[in-house]
Amino acid sequence: MQTRTDKPADTYSIVIPARNEAEGLAKLLPALAVYMPQGAEIIVVNDGSDDATVSVCAKHGVRVVTHPYPKGNGAAVKSGARAATGDVLIFMDADGQHKPEDVPLLLDEFRQGYDMVVGARQSGSQAGLHRAAANDIFSRFASWMVLQPIADLTSGFRVVNARQFRQFLYLLPNGFSYPTTITMSFFRAGYSVAYVPIHSPRRSTGASHIHPLRDGVRFLLIIIKVGTLFSPQRLFLPISATFFLTGLGYYLYTYLTSGRFTNMSALLFISSVFTFLIGVVSEQISALHYKNIDAQDRDQD
């Protein structure tokens with residue numbers, strides 16, 4: 001894999017979404033100054049906070065993008081990506097779960113030629129066993145959808161090529177599942193993604209805005225949505241095969257027991273054909289999402 005030594009030096013923007021994270025930012029920003037790349041800009045996206053977030057940012061001289069009301073973590077990430085001037089975006093949380101000393105590790109891997117590098121949380125890093133189990137299940141399902149191993153589907157600690165990230169802004173939700181969408185989108189687009197093992201300590205300040213049951217269902221729906229958007233046959237083909245095999249099995253049963261072909265068998269066979277055809281059409285539609293990507297790359301090179 002080629003390194004990035006044949007191009008001008010990258011510029012960096014660190015984007016930190018924050019909602020009522022004044023205490024966490026007071027600890028993070030001074031530490032981040034030690035480990036951030038030379039000349040990197042720091043952007044804190046104030047997502048409608050009603051605490052001292054803005055004054056803490058002013059004290060440390062970082063750039064602030066403010067939402068007039070809370071819009072969600074994903075919306076804050078999108079605002080930060082639009083405002084950033086760097087060639088490379090570094091996303092991290094303000095609650096103390098992402099350690100500034102891990103930034104150089106992700107950047108070292110990114111400079112090997114990857115388009116996105118994600119900090120993959122290791123055992124003991126999750127906020128609870130239920131979240132660890134849920135993240136593992138979602139990661140396995142997403143890996144099957146994109147045919148690539150995904151070590152951590154929901155980690156918000158990542159380094160990414162800014163131009164390529166912005167190509168998928170229109171897909172990102174405003175809630176807490178933007179990492180799921182951007183990860184699957186990058187894999188499906190054929191971009192190079194790497195994972196760096198990190199240890200994420202328990203949240204040190206504030207309260208989590210994530211609700212495991214509600215947001216878990218949202219994560220699953222987003223995986224299915226992005227899967228059908230970018231790899232529809234991975235979803236429709238197994239469903240079609242299930243209908244067909246069920247119809248075949250039921251037909252054999254009714255033929256052997258009563259010597260007839262039933263309406264239920266016909267319905268299952270028809271459902272199988274329709275589902276397969278929907279998958280074929282969806283596969284063709286999904287290809288349209290990439291028709292302008294190469295042109296965009298050439299225009300911005």
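Note that the structure is a prediction, hence the values are computed from the model and not measured. (Residues numbered from 1 in each chain as written. Predicted model: local features only at pLDDT ≥ 70, side-chain atom pairs only at ≥ 80, totals over all residues. Heavy atoms only, no water.)

All told, the structure shown has ten aromatic pairs when counted by the stated rule. Taken together, a centroid distance of 6.0 Å and an interplanar angle of 40 degrees make the contact between Tyr 251 and Tyr 255 tilted. Here the residue Tyr 251 and the residue Tyr 255 both occupy positions in helix α9 (residues 232-258), the gap between them amounting to four residues, near one helical turn. Residue classification places Tyr 255 among the partly exposed residues on the basis of a relative accessible area of 47%. Chaining the aromatic ring pairs together yields one cluster made of Phe 244, Tyr 251, Tyr 255, Phe 261 and Phe 269. (Phe/Tyr/Trp six-rings, centres within 6.5 Å; stacked < 30°, edge-to-face > 60°. Helix = DSSP H or I, 4+ residues; strand = E, 2+ residues; numbered from the N terminus. Buried < 20%, exposed > 50% of the residue type's maximum accessible area, 1.4 Å probe, protein only.)

The next thing to look at is the pairing of strand β5 (residues 116-121). Of all six residues in β5, six are buried; the element is thus mostly enclosed. The two faces of β5 match: Met 116, Val 118 and Ala 120 on one face and Val 117, Gly 119 and Arg 121 on the other face are all buried. Examined bridge by bridge, β5 and strand β6 (residues 158-161) share three bridges and lie antiparallel to one another. Pairing of Met 116 across the sheet is with Val 160, part of β6. As paired elements, β5 and strand β7 (residues 193-198) share six bridges and run parallel to each other. Bridge pairing in β7 links Arg 121 to Ile 198. (Pairing = 2+ DSSP bridges.)

Where burial is concerned, the two faces of strand β4 (residues 88-91) agree: the one with Val 88 and Ile 90 and the one with Leu 89 and Phe 91 are both buried. Direction of pairing for strand β1 (residues 12-18) relative to β4: parallel, over a ladder of four bridges. Bridging from a neighbouring strand, Val 15 pairs with Phe 91 of β4. Looking at chain direction, β4 and β6 are connected through four bridges and run antiparallel.

This structure, assessed with the given rule, holds four salt bridges. Between Asp 108 and Arg 111 there is a salt bridge whose closest N-O contact spans 3.5 Å. On the basis of relative accessibility, which here comes to 43%, the residue Asp 108 falls in the partly exposed class. (Salt bridge = Lys/Arg side-chain N within 4 Å of Asp/Glu carboxyl O.)

A few words on a nonpolar patch on the surface. A cluster of nonpolar side chains, Leu 237, Ile 270, Val 273, Phe 274, Phe 276, Leu 277 and Val 280, forms an exposed patch at the surface whose accessible area comes to about 600 Å². Take the nonpolar patch: its biggest share by element is six residues, from helix α10 (residues 263-287). Its place among the elements puts Ile 270 in helix α10. (Patch = residues over 30% accessible without salt bridge, like charges linked within 9 Å, V, L, I, M, F, W, Y side chains within 5 Å. Areas by Shrake-Rupley, 256 points an atom, 1.4 Å probe, with all protein chains shown as cover.)

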